[in-house]
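# Structural characterization, general
The residues making up each chain are set out below.
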Amino acid sequence: RPAPRGANDGLRRQPAAYAHIVATQLLLGSACLALDVAAVYPLWLYLAVSWSPLLSRLRFLVEHPGESDLTVTTRSTLWERPLFAPLNFNFHFEHHCWPSVPPYRLQQAHRHLRDQGFYDRHPEYANESFVGALVHRQQAQRAAGEVIA
């Protein structure tokens, strides 16, 4: 019995969709070899396929708490910024309010909302830190008796 039309389209496109990733990794690996720092490449690859997705998922849990469509901005600490909030990714609420605003302007949008008293009136749209928000989320789930995966 033939597969429904379009069922295998993703499989056929997959190699082409990932060609730029393979090309970039080959270029990066070659640059590491040329610069005599080849030992750095496996570390880079490990971080790219393990830590980067993990931090991305944790950031998502903080930015989109609960079951609603709520999005939250997180005022990250200095050490959290390079891990969770590169390129002003922590201004997630502002990004959803004004999706066409470039990332380097999101902090200005945040300041505007803060200066207008928006976050004083709506504290549910802001967290103080990523780690603090994750700890609070875990505590709330435990208190509610939810299973934490």
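Residues numbered from 1 in each chain as written. Predicted model: local features only at pLDDT ≥ 70, side-chain atom pairs only at ≥ 80, totals over all residues. Heavy atoms only, no water.

### Section: the packing of helix 3 (residues 40-63) against helix 8 (residues 130-143)
At a minimum axis separation of 9 Å, helix 3 and helix 8 run at an interaxial angle of 70°. Here helix 3 lies roughly perpendicular to helix 8, going by the angle between them. Of the residues in helix 8, those in contact with Leu58, Arg59, Leu61 and Val62 of helix 3 are Phe130, Ala133, Leu134 and Arg137. The class makeup of the residues in the contact of helix 3 with helix 8 is six nonpolar, no polar and two charged. (Axes fitted to C-alpha atoms, helices over the stretch in contact; angles between N-to-C directions. Helix = DSSP H or I, 4+ residues; strand = E, 2+ residues; numbered from the N terminus. Parallel < 35°, antiparallel > 145°, perpendicular 65-115°, else oblique. Contact = heavy atoms within 4.5 Å. Nonpolar A, V, L, I, M, F, W, Y, C, P; charged D, E, K, R; others polar.)

### Here we look at a nonpolar patch on the surface
Taken together, the side chains of Leu43, Tyr46, Leu47, Trp51 and Leu54 present a nonpolar region at the surface, about 490 Å² in accessible area. Mapped onto the fold, tyrosine 46 is located in helix 3. With relative accessibility at 45%, the residue tyrosine 46 sits in the partly exposed group. (Patch = residues over 30% accessible without salt bridge, like charges linked within 9 Å, V, L, I, M, F, W, Y side chains within 5 Å. Areas by Shrake-Rupley, 256 points an atom, 1.4 Å probe, with all protein chains shown as cover. Salt bridge = Lys/Arg side-chain N within 4 Å of Asp/Glu carboxyl O. Buried < 20%, exposed > 50% of the residue type's maximum accessible area, 1.4 Å probe, protein only.)

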